[in-house]
Amino acid sequence: MKKIIIACLMTLLALAAFAQSAPSSGLTDSDVTSFSKNFGTIKAELEKLGIDVQDTDSVAEAKSAEAKVNSILNKNGISGNNPVNKLKAIAFGYAVEQYEATMAEDPQAAQIMRSMGIDPIADVRKEVAPEDCKIVKKHLNELQKAFDEDDSPSTSSSDQSGSTDSYDMAALQELQKKYANMGYEDPDEKAKKDVLKKYDVKRKFNVVKDGSGEEWILIQPSEITFANSTEAEIYAENYAGVSGKWCMSSSCGYLGTHSNNKPFYTWGSDGILCYTTFPIDFDSCAPDKVIYNEDVTPELAKKTVLQMYRE
């Protein structure tokens with residue numbers, strides 16, 4: 001059930017600035033099993049106190065009626081003298097684990113999260129101890145069954161056509177707007193703006209052809225020295241100095257056919273591709289070494305060529 005995930009994320013917009021790592025509640029397998037088994041009863045009794053167990057915002061406010069909530073939870077198999085904390089651990093732990101399970105299967109939603117420039121689950125995790133999350137994860141299926149079976153048509157995430165995705169996507173898009181209003185920017189767009197501001201993408205370079213007639217532009221580091229492969233790739237994608245659609249080569253490319261047996265360095269998708277052994281295996285174009293972006297130094301960048309080919 002994604003409803004609790006969305007509620008959790010919306011709640012944490014206000015909490016993210018000062019949230020601390022939560023201590024373990026001492027949650028046990030038995031606590032979670034009892035919660036799932038007695039979910040209907042727990043939900044009904046807590047609703048009388050104005051607490052919705054499917055809304056993490058509401059669960060977070062359960063402390064205001066702690067004595068009564070403790071009694072209800074103890075009576076339904078959630079043990080100890082801090083069942084309110086265990087209830088919160090279950091709710092937030094479920095949000096974390098269900099998020100991780102669903103985002104991997106929902107690229108569109110994952111892209112929206114990336115466009116916010118943050119990992120929202122990093123903030124959600126601060127509300128639940130890792131030890132509690134491990135317990136929740138073990139019982140994710142039974143928790144999901146309990147939450148999903150409780151959904152009624154009036155509160156379901158289904159739209160009129162029966163789709164279970166549109167409600168969730170609308171909520172995610174609303175969350176995206178909230179983050180945008182708070183000043184967050186799509187990191188991909190920010191990186192693009194930075195590159196376009198830093199480098200002249202309208203600069204003209206000579207075009208060369210290889211033996212097959214493919215057209216290339218080779219930008220030497222003496223002409224433009226990029227800081228990393230991300231900059232080089234963004235530059236290639238936005239290059240407008242010569243007509244056509246240009247892309248960065250992520251393999252040996254044109255230089256691989258014109259080696260003078262001296263090592264050469266070319267930008268690849270993850271960093272610098274180093275070729276030191278000749279002749280090159282043109283079937284794989286595999287480099288002898290990859291220097292990943294985090295390890296690229298200014299000295300190495302000054303040796304590295306950007307190879308662009310025209311699509």
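In the block above lies the structure referred to throughout.
Residues numbered from 1 in each chain as written. Predicted model: local features only at pLDDT ≥ 70, side-chain atom pairs only at ≥ 80, totals over all residues. Heavy atoms only, no water.

**Things to note about the pairing of strand S7 (residues 304-310)**
Heads up, the condition is: The cut-offs for exposure are 20% and 50% of the maximum accessible area for each residue type, with area from a 1.4 Å probe on protein chains only; residues under the lower value are buried, those over the upper are exposed, and the others partly exposed. The helix count covers DSSP runs of H or I at least four residues long, the strand count covers runs of E at least two residues long, and both are numbered beginning at the N terminus. Here, a strand pair is defined by DSSP locating no fewer than two bridges between the strands.
With 5 of 7 residues buried, S7 is to be regarded as a mostly interior element. In the sheet, strand S2 (residues 215-219) pairs with S7 via 4 bridges, with the strands oriented antiparallel. Following the sheet pairing, Ile217 is matched in S7 by Met308. Two strands pair when backbone bridges link them, and strand S3 (residues 246-248) and S7 are joined in this way by 3 bridges, in the antiparallel orientation. For Trp246, the partnering residue across the bridge sits in S7 and is Arg310. Bridge count for strand S4 (residues 264-267) against S7 is 2 bridges, and the pairing is parallel. Within S7, the position partnered with Thr266 by the bridge is Val305.

**Quick notes on helix H6 (residues 83-103)**
As a reminder of what qualifies: What a helix should span is 1.5 Å times the count of its residues minus one.
If you check H6, its first and last C-alpha atoms are 30 Å apart, about what 21 residues at 1.5 Å a residue would give, namely 30 Å. Across the 21 residues that make up H6, a large majority, 17, are buried.

**Points about the nonpolar core**
This is how it is decided: For our purposes a nonpolar core is just a set of buried Ala, Val, Leu, Ile, Met, Phe, Trp, Tyr and Cys residues, chained together by side-chain atoms within 4.5 Å. Here a residue-residue contact requires only that any non-hydrogen atoms of the pair lie within 4.5 Å.
The biggest cluster of nonpolar side chains holds 34 residues, and the ones touching the most others in it are Leu27, Phe35, Ile42, Leu46, Val69, Leu87 and Leu143. Counting residues per element, the ones that place at least two in this core are helix H2 (29-37), helix H3 (39-47), helix H5 (66-75), H6, helix H8 (120-125), helix H9 (130-138) and helix H10 (140-150). If sequence neighbours within four positions are ignored, Phe35 has contacts with Ile42, Ile78, Leu87, Ile90, Leu143 and Phe147. Grouped together as the second largest cluster of nonpolar side chains are 26 residues, Ile219, Tyr265, Ala301 and Met308 included.

**Remarks on the state of the cysteines**
Note the threshold: Note on terminology: pairs of cysteine sulfur atoms within 2.5 Å are recorded as disulfides.
One pass over the full model with this rule turns up 1 disulfide. A disulfide bridge connects Cys252 with Cys285, and the sulfur atoms are separated by 1.7 Å. One end of the pair, Cys252, is in the loop between S3 and S4; the other, Cys285, is in the loop between strand S5 (271-275) and strand S6 (289-292), and 33 residues separate them in sequence. When its relative accessible area of 10% is taken as the criterion, Cys285 is described as buried.

**Observations regarding unusual backbone geometry**
Both trends apply: most residues other than glycine have a negative phi, and most peptide bonds are in trans. The residue after Phe278, namely Pro279, is reached through a cis peptide bond having omega 0 degrees. Within the secondary structure, Pro279 is located in the loop between S5 and S6. Positive phi values are uncommon outside glycine, yet Cys285 reaches one of about 55 degrees.

**Here's the deal with the packing of H3 against H5**
Worth spelling out the cut-off: All axes here are fitted lines through C-alpha atoms, helices being fitted over the stretch that makes contact, and every angle between N-to-C directions spans 0 to 180 degrees. For classification purposes, angles smaller than 35 degrees are called roughly parallel, those larger than 145 roughly antiparallel, those between 65 and 115 roughly perpendicular, and all remaining angles oblique. Crossings are assigned a handedness: left-handed for a near helix turned anticlockwise from the far helix by less than a right angle, right-handed for a clockwise turn. The classification used treats Ala, Val, Leu, Ile, Met, Phe, Trp, Tyr, Cys and Pro as nonpolar, Asp, Glu, Lys and Arg as charged, and all other residues, Gly among them, as polar.
As a packed pair, H3 and H5 sit with axes 10 Å apart at the nearest point and diverge in direction by 165 degrees. Between H3 and H5, the angle falls in the class roughly antiparallel. Crossing geometry of H3 relative to H5 is assigned as right-handed. Residues Ile42, Glu45 and Leu46 of H3 pack against Val69, Ile72, Leu73 and Lys75 of H5. Taken together, the residues of the contact of H3 with H5 sort by class into 5 nonpolar, no polar and 2 charged.

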